[in-house]
Amino acid sequence: AQKVTQAQTEISVVEKEDVTLDCVYETRDTTYYLFWYKQPPSGELVFLIRRNSFDEQNEISGRYSWNFQKSTSSFNFTITASQVVDSAVYFCALSEADTNAGKSTFGDGTTLTVKP
Amino acid sequence: EPEVTQTPSHQVTQMGQEVILRCVPISNHLYFYWYRQILGQKVEFLVSFYNNEISEKSEIFDDQFSVERPDGSNFTLKIRSTKLEDSAMYFCASSGPGGAGNTIYFGEGSWLTVV
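Trainee: Talk me through the nonpolar core; I want residue IDs and the actual numbers.
Mentor: Ranked by size, the top nonpolar core spans 24 residues in total, and within it A:Trp36, A:Trp66, A:Phe77, A:Tyr90 and A:Leu112 carry the most contacts. At the level of elements, β2 (10-14), β3 (19-21), β5 (32-39), β6 (46-52), β8 (64-69), β9 (74-79), β10 (88-96) and β12 (110-115) of chain A are the ones that each hand at least two residues to this core. Counting residues per element, this core draws most heavily on β10(A), at four residues. Ranked by size, the runner-up nonpolar core spans 21 residues in total, among them B:Ile26, B:Trp34, B:Leu77 and B:Tyr90.

The structure is reproduced here in structure tokens:
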């Protein structure tokens, strides 16, 4: 069975601080996909990144960066120079490779509050 | 940019009533999903649908639930005999060929309140 753990329930930072959201996963598959989604107060789910299990390169997109470490089963997300608009719930998710189903298991989410 | 659209955005229904939540997936996508998020909790997988049949479902998706793709464009979730605990945000999602390897695009959700 697959499992995603986001140990940080809530994080509060002051604008311009860097913040890292942790994600640890469990799976028996060797091929899987990891995702991060942002859920702003308006409620929609916004896709941020997908990473497959064979690609351990870290990725940077503007102020966002992701650190995938297979050895520790972690896929952490860092926001650099945080802004108030970054305030949201962030979900990490895992999908095991399957040709028919994109079933994703989500973590409990981390609520990030960025104060001005 | 293509998007998944859901209707209604919010529905209030009385306990015991049937509701149908509607979704229009992205047109060239092949996989369709419903997820549920109870207020303040995580997003939970309900069901995936491919090639006009359910490909996988979770323990939550019992006989009270059904899905249908009635006309080649819409994808519906029917909830029979609604209970208070069915109150949640229901997200429809779709993805292209490749299943789990593709990005899953979510709609904006349908908020169901059972009273």
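Once the structure has been displayed, the description carries forward.
Trainee: Summarise the interface of chain B and chain A; cite the residues concerned and give the values.
Mentor: At the interface, 23 residues of chain B touch 23 residues of chain A. Roughly 1,900 Å² is buried in total at the junction of chain B and chain A, and carbon and sulfur atoms are behind 57% of that figure. For the pair chain B and chain A, the number of links is one salt bridge. In this structure, B:Lys42 engages A:Asp108 in a salt bridge whose closest nitrogen and oxygen atoms are separated by 3.7 Å. Counting every contact that joins chain B to chain A gives two residue pairs in polar contact (both at pLDDT 80 or more). Sorting the residues of the side of chain B that touches chain A by element identifies β4 (31-37), β5 (43-50), β6 (53-57) and β9 (88-95) of chain B as the ones contributing at least two each.

Trainee: Could you give me a rundown of the state of the cysteines, with the residues and numbers involved?
Mentor: Under the criterion given, the structure shown has two disulfides over all chains. Here A:Cys23 connects covalently by a disulfide to A:Cys92, the sulfurs 2.0 Å from one another. Judged by the sign of its S-S torsion, about -65°, the bond between A:Cys23 and A:Cys92 is left-handed. With A:Cys23 in the loop between β3 and β4 (24-26) and A:Cys92 in strand β10, this pair connects stretches of sequence that are 69 residues apart. Take A:Cys23 and A:Cys92: they sit in the same class, and that class is buried. One disulfide bridge connects B:Cys23 with B:Cys92, the sulfur atoms lying 1.9 Å from each other. Taking the sign of the S-S torsion, -65° for the link of B:Cys23 and B:Cys92, the bridge is left-handed. Within this pair, whereas B:Cys23 is found in strand β3 (residues 19-24), its partner B:Cys92 is found in strand β9, the two being separated by 69 residues in sequence. Comparing B:Cys23 with B:Cys92, the two get one shared label, buried.

Trainee: Account for unusual backbone geometry, with residues named and values stated.
Mentor: Cis rather than trans, the peptide bond between B:Thr7 and B:Pro8 has omega equal to -10°. Take B:Pro8: it is sitting in the loop between β1 (5-7) and β2 (10-13). Even without being glycine, A:Lys16 reaches a positive phi, approximately 85°. Relative to the helices and strands, A:Lys16 is located in the loop between β2 and β3. Residue classification places A:Lys16 among the exposed positions, given a relative accessible area of 69%. Of note in the backbone geometry, B:Asn52 takes a positive phi value of approximately 65° without being a glycine. Summarising the element assignment, B:Asn52 is placed in the loop between β5 and β6.

Rules behind the numbers
- Residues numbered from 1 in each chain as written.
- Chains lettered and ligands numbered in written order.
- Predicted model: local features only at pLDDT ≥ 70, side-chain atom pairs only at ≥ 80, totals over all residues.
- Heavy atoms only, no water.
- Core = buried A, V, L, I, M, F, W, Y, C linked by side-chain atoms within 4.5 Å.
- Buried < 20%, exposed > 50% of the residue type's maximum accessible area, 1.4 Å probe, protein only.
- Helix = DSSP H or I, 4+ residues; strand = E, 2+ residues; numbered from the N terminus.
- Contact = heavy atoms within 4.5 Å.
- Buried area = accessible area lost by both parts, 1.4 Å probe.
- Salt bridge = Lys/Arg side-chain N within 4 Å of Asp/Glu carboxyl O.
- Polar contact = N/O pair within 3.5 Å; in protein donor to acceptor, adjacent residues only side chain to side chain.
- Disulfide = S-S within 2.5 Å.

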